[in-house]
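Architecture at a glance
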Amino acid sequence: MLWLTQGPHGNAISSCNWMQGKHFDRLSRHWRGTCIGLEWGKAKIMSLRSAFRQIWQTLGSIKTGVILIILVVIFSAAGTVILQRPMTEPDDMQRAYSPTMLRFLDATGLTDVFHARWFVSLMVLVSLSIIAASIRRFPNAWRFYARPYKSPDEHFRRALPAQAMIRIKDEEVGLGAAERGLRHIGFKSERIVRPNSFSLFAERHRISEMAVYIVHASLLLIFLGGIVDALYGWKGFLMLTPGTASNRIELRTGTTKTIPFSIRCDGAGEDTYADGTPKRYWSSLVIIENGREVRSKEIVVNDPLVYSGLRFYQSTYGRTGKLDRLLLDATRVSEHARTTQELSLAVGETVDLDPDTTVQLAEFIPDYVVQDGRVYARSNDVVNPAVHLIVTLKKANSSVNVWLPEIPGVAENASSPYTFEPKDVKTQVYTGLQVSHEPGQWAVWAGVLLMAVGLTFVFYVAHVRFWAVPVQDAEGRLALWVGGTANRNRDAFEVKFKQLVEEIRKELKREMVHSVEVDSVSR
């Protein structure tokens, strides 16, 4: 290896190995590794450039993009088939999958696909692949779009599938007939003047050549929205009973998040069909911010309340098992008269039955069971309710425990001066709200709309081009060469091309008849 450079004492060193001995050892202290270091640095830079170029070409290839998009589709489908947290209750997850399978799904992130880091990385790779493919192919596409081929040469005319030769007597007559024929089928033509030739060019829907980039942009917007939602979005759950308000959301991670306003439930319920099956669940919600009611809406499934970037969906509805009001009849049993009065009680509420007697609703048990002489609640489902009333006699200064239904060994119903008959039990209801913050949704919806536009151009809008050039045919006579092409929907284009040729022939015949008539008049 040779190089020329300035030595430590001004002398020129032209080789790495031309000197030996003490002089070389002395100089080598100043120049040791310089030649090898420079070449190594250049090789390293070239290696990095080569590696980057290879990665860029791999990302920009159609095969890579198709594989990555297929993977995104597969895992997205998995996210719709596999139960996802936190929308699914833990008990439902455990019932659906075995413990081993559930641990595997949780470890791989398949129970929360759209927030898994590997899925975000996959979307980033797809986006980079789309960008690389677009950048690599865009210059040629833009050149084709910005500078359309308007004057076809002989090689182009020979290779064009759709073409026709029409005999003409004069170039101007032929071009005029072609202009009128193009106008008849809805095309505006342009005259192309070259130093040695004249021709016509007409086209429609050139923008469809760029439709693929519209689709690429829409995919990038959709993936951008998904990435933003995965990184900065969150979902949680809020349970409210009518009359309560809260600003604390329970996130899927088990933690709570405080939002800058409160949401109050003014009512919740269900509408049913005539046979009793549920028709719809609804919740009446009010947004309270800075002590003021700023927004209200009655939501149903798939019709959320949206405020300040948060969406409140109707997720669940049910009964808490706690009593709201108990309606019952109290009847006074005496030797002379039998009087009945209607009562409405809440838990802990006391009312007067007469000047000497009061009744208090002490307990409501939605699903009772008796064990060891005591009454217990088996569940919060109102399937086997029991009511504990305390009847107090003021003069006797005594109390009687009344149970509905009468529970042997516990109830003292016979000692009560009143009998009680329940009429209706109104239990408290709750509404479960799914709360989501999805800052990337604007990009997703913009991408969906843009994709609809792009796919419309891709499948339904064809770039059609026509040329008309006066040429010499094989016999050396003057003819009008007519050609055309379309980037899609070839069958419809062939019909349009035949229509154009027929219109040009008609125009030439009219011109010929007109010329004969003019000649006759002039004679």
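What comes next is a walk through the structure. Keep in mind that this is a model prediction, so the values were computed, not measured. (Residues numbered from 1 in each chain as written. Predicted model: local features only at pLDDT ≥ 70, side-chain atom pairs only at ≥ 80, totals over all residues. Heavy atoms only, no water.)

Another aspect to go through is the overall build of the protein chain. From N to C terminus, the protein chain includes 11 helices and 22 strands. Put simply, the protein chain has 523 residues, and 38% of those count as buried. Sequence separation of 24 or more characterises 58% of the internal contacts of the protein chain that already satisfy a separation of 6 or more. (Helix = DSSP H or I, 4+ residues; strand = E, 2+ residues; numbered from the N terminus. Buried < 20%, exposed > 50% of the residue type's maximum accessible area, 1.4 Å probe, protein only. Contact = heavy atoms within 4.5 Å.)

A few words now on the packing of aromatic side chains. Applying the stated criterion to the full structure yields 17 aromatic pairs. Centroid distance F187 to F466: 5.1 Å. Interplanar angle 80°. Geometry classified as edge-to-face. Linking F187 in the loop between α8 (171-184) and β4 (190-194) with F466 in strand β21 (residues 464-472), this pair joins segments that are 279 residues apart in sequence. By relative accessible area, which is 5% here, F187 ends up buried. Classification of F466 by relative accessible area gives buried; the value is 1%. With centroids separated by 5.4 Å and ring planes inclined at 35°, the aromatic side chains of Y281 and Y317 adopt a geometry described as tilted. Highlighted residues: Y281 in strand β9 (residues 278-289) and Y317 in strand β12 (residues 310-333), separated in sequence by 36 residues. Accessibility expressed as a relative area gives 29% for Y281, which makes it partly exposed. If you follow R204 out to its NZ or CZ, it ends over the ring of F187, 4.2 Å from the centre. We note R206 situated over the ring of Y145; from NZ or CZ to the ring centre the distance is 5.5 Å. (Phe/Tyr/Trp six-rings, centres within 6.5 Å; stacked < 30°, edge-to-face > 60°. Lys NZ or Arg CZ within 6 Å of the ring centre and 35° of its normal.)

With that out of the way, let us pick up the environment of K235. Here K235 lies in strand β6 (residues 234-240). Along the chain, K235 and R311 lie 76 residues apart, while their C-alpha atoms are 9.5 Å from each other. In contact with K235, not counting residues within four places along its chain, are M87, L251, R252, Q434, V435, S436 and E438.

This paragraph deals with the pattern of salt bridges. All told, the structure shown has 22 salt bridges when counted by the stated rule. Between E179 and R191 there is a salt bridge; the shortest N-O distance is 3.0 Å. With a gap of 12 residues between them, E179 in helix α8 and R191 in strand β4 connect regions that are remote in the sequence. Its salt-bridge partner being R378, residue D367 comes within 3.2 Å of it at the nearest N-O pair. Pair noted here: D367 is in strand β16 (residues 367-371) and R378 is in strand β17 (residues 374-379), with a separation of 11 residues, a long-range link. Through salt bridges with shared partners, one network takes in R167, D473, E475 and R477. (Salt bridge = Lys/Arg side-chain N within 4 Å of Asp/Glu carboxyl O.)

The next point concerns the sheet that holds strand β15 (residues 357-365). Ordered by their spatial adjacency, four strands build an open sheet running β14-β15-β18-β19, and the pairing between neighbours is antiparallel. Both edges of this open sheet fall to β14 (350-354) and β19 (398-404), since each of them pairs with a single strand only. Here the average twist between neighbouring strands, direction ignored, is 30°. Bridge count for β15 against strand β18 (residues 386-393) is eight bridges, and the pairing is antiparallel. (Pairing = 2+ DSSP bridges. Axes fitted to C-alpha atoms, helices over the stretch in contact; angles between N-to-C directions.)

In this section: the packing of helix α9 (residues 211-232) against helix α10 (residues 441-460). Contact geometry for α9 and α10: axes closest at 7 Å, N-to-C directions at 160°. For the element pair α9 / α10, the angle class is roughly antiparallel. Classified by chirality, the crossing of α10 by α9 is left-handed. Across from A211, V212, I214, V215, A217, S218, L219, L221, I222, G225, G226 and D229 in α9, the residues of α10 making contact are Q441, A443, V444, A446, G447, V448, L450, M451, G454, L455, F457 and V458. For the contact of α9 with α10, the per-class residue count stands at 17 nonpolar, six polar and one charged. (Parallel < 35°, antiparallel > 145°, perpendicular 65-115°, else oblique. Left-handed = near helix turned anticlockwise from the far one by under 90°. Nonpolar A, V, L, I, M, F, W, Y, C, P; charged D, E, K, R; others polar.)

To continue, consider the sheet that holds strand β5 (residues 197-204). Backbone hydrogen bonds hold the strands of a sheet together, and the pairing may be parallel or antiparallel. On the basis of which strands lie adjacent, the open sheet formed by five strands has the order β3-β22-β21-β5-β4 and antiparallel pairing. Looking at strand neighbours, the two that pair on one side only are β3 (162-167) and β4, the edges of this open sheet. Sheet twist, expressed as the mean angle between neighbouring strand axes with direction ignored, is 20°.

The peptide bond linking L404 to P405 adopts the cis configuration, its omega dihedral lying at 0°. Topologically, P405 is positioned in the loop between β19 and β20 (418-437). The phi torsion at N290 lies on the positive side, around 55°, for a residue other than glycine. Position of N290 among the secondary structure elements: in the loop between β9 and β10 (292-300). Take N290: its relative accessible area is 71%, and that puts it in the exposed class.

Attention now moves to the pairing of strand β22 (residues 478-486). Most of β22 is tucked away, with nine of its nine residues classed as buried. Every second residue of β22 is oriented toward a common face, with L478, L480, V482, G484 and A486 on one face and A479, W481, G483 and T485 on the other, all of them buried. Of the pairings in the sheet, the one linking β3 to β22 comprises six bridges and is antiparallel in character. Within β22, the residue paired with I166 across the bridge is L480. Bridge count for β21 against β22 is nine bridges, and the pairing is antiparallel. Bridge pairing in β22 links V464 to A486.

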